[in-house]
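Notes for the structure review
One letter stands for each residue in the lines below.
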Amino acid sequence: MFAYIVRRLIYAVPILIGVNLLTFILFFIVNSPDDMARSQLGEKYVTAAAIENWKIENGYDKPLFHNAEAGGFYAYTDTIFYTKSMRLFAFDFGRSESGRDITADVSQRMWPSVALALPTFVTGIWVNICVALMVVMFRGTKLDRWAVLVFVSLMSISYLFYIIGGQYMVAKLWRLVPISGFNPTADAWKFLILPVVVGVVAGIGAGARWYRTLFIEEASQDYVRTARAKGLSEIRILFRHILPNALIPILTGVVVLIPTLFMGSLLMESFFGIPGLGSYMLDAIRSQDFAIVRSMVFIGSVLYIIGLILTDISYTWADPRVRLN
Amino acid sequence: MDTVKIVVLWSDLLIYLLAASLTLFFWNMRGNPITAARWRQVFGTRLGMATFVVLGAYIMIALLDSLHFRLALEEDPGQKSDQVYFDNQVVSVLDLALGDMATEHERTYSAPFALQSFEKVNMKNADGVSYRDFPRLEHAGAHLADPADRGSDLVLQSLIGLAKGGVLALIFVGMQWFFLRGSTLPWRAAWTTQAVIICFAAWLIHIGNLYHVLGTDQAGNDVLYKSIKGVRTGVLLGTLATLVMLPIAVSLGIAAGYFKGWVDDVVQYLYTTLSSIPGILLIAASVLLFQVYIDLNPEFFEIGLEKADARFIALCFILGVTSWATLCRLMRAETLKISQLEYVQAAHAFGVSHFRIITRHILPNVVHIILITFVLDFSALVLAEAVLSYIGVGIDPAMASWGNMINTARSELSREPAIWWTLSGAFFFMFSLVLSANLFSDLVRDAFDPRTGLEGAA
């Protein structure tokens with residue numbers, strides 16, 4: 001197991017280098033340092049000297065990949081690619097274009113994101129599985145067909161409508177909880193409950209439908225027929241036979257998402273004014289702060305790869321037949 | 001003398017190319033009895049027929065809205081040369097069909113079917129005394145002699161509109177009935193849906209020219225008109241982005257599964273790298289960079305619409321280029337499986353070339369995956385557009401789109417009293433498109449994917 005994890009982590013290195021290379025191409029070659037200087041300094045009346053000055057100040061005056069002037073090893077390290085992209089591997093994110101320390105910002109904003117994303121995630125899965133199990137009990141009947149239609153309708157509604165609708169009804173019409181904001185103290189739940197509920201409700205359509213498909217696929221297996229022939233009750237078959245076996249496909253879809261919970265939700269956080277990483281990214285996109293976007297891309301990729309490794313490990317736990325090697 | 005100047009936007013060209021190639025694709029599939037049987041399974045259900053008609057209606061609107069031209073301006077009396085000047089406003093065939101809806105601007109907000117503006121303004125009466133009241137709207141209900149007649153007029157005009165629609169529907173459905181009455185497919189569901197849509201459209205157009213059915217927005221534009229204009233954006237984005245993605249995903253996926261070895265390693269590396277980047281960030285970054293490019297090169301675009309169109313096409317390309325990983329993975333797995341089969345081995349033994357094996361033996365056997373992806377991605381992309389527009393990296397604000405409407409509606413809803421109609425307009429058109437696309441794609445998947453055949457079984 002340990003050797004497997006180490007090997008997977010080593011495999012992750014070329015992928016992360018690829019991610020860095022891709023973002024680097026996007027940010028520095030499509031949008032050259034000269035363009036960046038121009039858009040940071042204001043479009044018009046920028047002298048060549050001012051651009052050069054800005055580039056030296058911000059460390060963009062080096063060659064992109066290969067520095068012929070510096071000798072030996074430094075030919076590759078004294079470049080923009082190395083100084084701006086490769087140091088992300090040490091989780092050294094540097095400063096944003098507006099001069100703030102990205103590492104400090106990220107470690108501070110991570111927790112509100114988790115406080116929102118984790119409850120949404122756990123309750124969402126629980127609710128979806130419960131709803132799906134209820135529907136599966138009535139499989140093949142009219143109720144089942146109507147339920148599927150309702151699920152499809154629910155998932156045809158844009159996420160934005162759930163948020164806007166939830167905010168309007170719960171917070172504005174009924175005035176039950178604050179519309180938005182966050183307070184990292186004991187009454188944080190007041191601010192979190194509405195986004196969590198909205199997030200769960202918005203996910204029911206797609207989630208419950210997916211779990212229903214998994215359960216029904218499991219229900220057509222031979223062992224279920226055998227269990228029924230033994231005279232077991234439908235409830236017992238559902239909970240003792242179908243549910244544990246359906247866990248394996250559920251795990252694949254779910255575990256990979258757990259690390260990405262730290263990234264937060266762009267929409268939820270910005271609508272509900274929660275100062276997490278999601279709203280951090282949105283602000284960065286809107287103010288065109290590419291240093292932050294680049295760092296967040298890197299963090300997101302790392303978390304995704306961790307998620308993939310966790311998925312494999314959870315397989316061995318859920319299905320004893322699986323051996324990692 | 002020319003009266004119109006045709007404007008061909010890149011996206012117009014693409015949508016017609018797309019429509020032509022799709023028609024050709026389905027025409028070719030007719031020859032295959034297995035495929036034909038699967039399509040019969042899709043269209044053998046009433047739901048399949050009804051949702052297809054709804055999708056067809058949306059596609060019709062999108063196609064009509066993709067024929068752009070500029071009308072010639074009236075010749076100025078003092079004009080010396082014979083030169084014809086054209087309106088800066090680009091209109092489409094759809095605009096002509098909708099009548100005056102596009103041009104009947106009010107000052108600002110007004111509620112659906114309202115005769116008066118939503119906000120009070122200072123006015124002066126005949127005696128010169130100023131007072132504050134809701135002003136009459138310029139266009140809505142302008143034909144009414146007395147505002148009190150609005151109720152009865154609404155009923156009367158609705159009946160006229162519905163009658164027009166009824167006649168049209170009768171002719172349209174009657175012709176189909178004449179040719180298709182021997183068919184075993186549930187055409188009745190299709191005809192009912194068609195009749196309902198035609199009547200509804202006729203009613204909307206008739207009454208929409210007299211009143212503002214969904215009110216007006218802050219700038220006084222008709223919200224119904226804006227929502228209808230959003231159809232083209234939604235439909236185009238949903239199809240074009242997938243179309244960009246397909247060749248990349250299919251060629252790389254099949255190459256990886258067929259040639260194996262280092263090709264497989266490279267392709268796997270590429271899609272793992274791509275899918276590990278948070279999608280929304282990659283899309284946002286790419287769109288922002290393209291926006292920078294547009295801003296730095298304004299000389300490429302003659303009119304504002306072309307700029308918006310360029311950004312729109314760039315968005316489609318970006319969505320396509322960033323989303324091929326999933327389909328590529330599926331294609332690779334399926335090709336790996338198929339290339340182990342005996343008939344492919346036999347083809348190898350006969351010395352058939354790689355190209356021929358791929359095109360004749362492998363591609364036809366993975367077409368169902370491509371088809372399923374195409375229909376499934378459509379609704380996801382329409383929904384994604386709204387989110388991207390909210391973030392600020394979606395459709396250009398100059399272009400009508402549901403995402404932009406939702407974006408503005410957000411602050412309108414927090415006013416007192418709330419302005420709900422912009423949101424409802426976007427919701428209705430978006431929901432009915434996405435719902436019918438979702439239902440239709442479910443049927444297509446059930447029919448074409450051998451694995452989900454279980455779903456209906458109890």
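So, how was this worked out
- Residues numbered from 1 in each chain as written.
- Chains lettered and ligands numbered in written order.
- Predicted model: local features only at pLDDT ≥ 70, side-chain atom pairs only at ≥ 80, totals over all residues.
- Heavy atoms only, no water.
- Helix = DSSP H or I, 4+ residues; strand = E, 2+ residues; numbered from the N terminus.
- Buried < 20%, exposed > 50% of the residue type's maximum accessible area, 1.4 Å probe, protein only.
- Contact = heavy atoms within 4.5 Å.
- Areas by Shrake-Rupley, 256 points an atom, 1.4 Å probe, with all protein chains shown as cover.
- Phe/Tyr/Trp six-rings, centres within 6.5 Å; stacked < 30°, edge-to-face > 60°.
- Pairing = 2+ DSSP bridges.
- Expected span 1.5 Å × (residues − 1).
- Buried area = accessible area lost by both parts, 1.4 Å probe.
- Salt bridge = Lys/Arg side-chain N within 4 Å of Asp/Glu carboxyl O.
- Nonpolar A, V, L, I, M, F, W, Y, C, P; charged D, E, K, R; others polar.

**A closer look at the overall build of chain A**
Counting secondary structure elements, chain A contains 14 helices and 0 strands. Its helices and strands in sequence order give chain A the pattern α-α-α-α-α-α-α-α-α-α-α-α-α-α, from N to C terminus. Burial statistics for chain A: of 325 residues in total, 47% are counted as buried. In chain A, once contacts between residues fewer than 6 apart in sequence are set aside, the share between residues at least 24 apart is 68%. As displayed, chain A offers around 16,300 Å² of accessible surface, 65% of which is attributable to carbon and sulfur atoms.

**A word on the packing of aromatic side chains**
Under the definition given, this model contains 17 aromatic pairs over all chains. Taking 4.6 Å as the distance between ring centres and 15 degrees as the angle between the ring planes, the aromatic pair formed by F271 of chain A and Y390 of chain B counts as stacked. One end of the pair, F271 of chain A, is in helix α12 (residues 266-272); the other, Y390 of chain B, is in helix α13 (residues 354-391), on a second chain. Comparing F271 of chain A with Y390 of chain B shows no difference in burial state: the two are buried. On the numbers, 5.1 Å between centres and 65 degrees between planes, the contact of W39 of chain B with F448 of chain B is edge-to-face. Within this pair, whereas W39 of chain B is found in helix α2 (residues 33-43), its partner F448 of chain B is found in helix α15 (residues 421-448), the two being separated by 409 residues in sequence.

**With respect to the pairing of strand β5 (residues 130-133) of chain B**
All names here are of chain B. Note that strand β4 (residues 121-124) and β5 share 4 bridges and pair antiparallel. Within β5, the residue paired with K124 across the bridge is S130. Hairpin remark: β4 followed by β5, antiparallel, with 5 residues in the connecting loop; positive phi at G128, about 85 degrees.

**Considerations on helix α8 (residues 261-276) of chain B**
Helix length check: α8 of chain B (16 residues) gives 23 Å between terminal C-alpha atoms against 22 Å at 1.5 Å per residue, within 8%. When α8 of chain B is considered as a whole, its buried residues turn out to be V263, D264, V267, Y271, T273, L274 and S276 of chain B.

**Describing the interface of chain A and chain B**
Taken together, the contact between chain A and chain B spans 48 residues of the former and 47 residues of the latter. Each partner contributes to the roughly 4,300 Å² buried at the junction of chain A and chain B, and carbon and sulfur atoms together form 75% of this total. Taken as a group, S156, F161 and I285 of chain A account for 14% of the area that chain A buries against chain B, more than any other trio of residues on that side. Along the contact surface separating chain A from chain B lie 1 salt bridge. With its nearest N and O atoms 2.4 Å apart, the salt bridge here joins D442 of chain B to R209 of chain A. Contributing elements (two or more residues each) for the side of chain A that touches chain B: α1 (2-30), α7 (142-155), α8 (159-173), α9 (188-219), α12, α13 (277-286) and α14 (290-318) of chain A. Among the elements that line the side of chain A that touches chain B, the one with the most residues is α1 of chain A, at 8 residues. Of the residues contributing to the side of chain A that touches chain B, the split by class is 28 nonpolar, 12 polar and 8 charged.

Shape descriptors only; they carry no functional weight alone.
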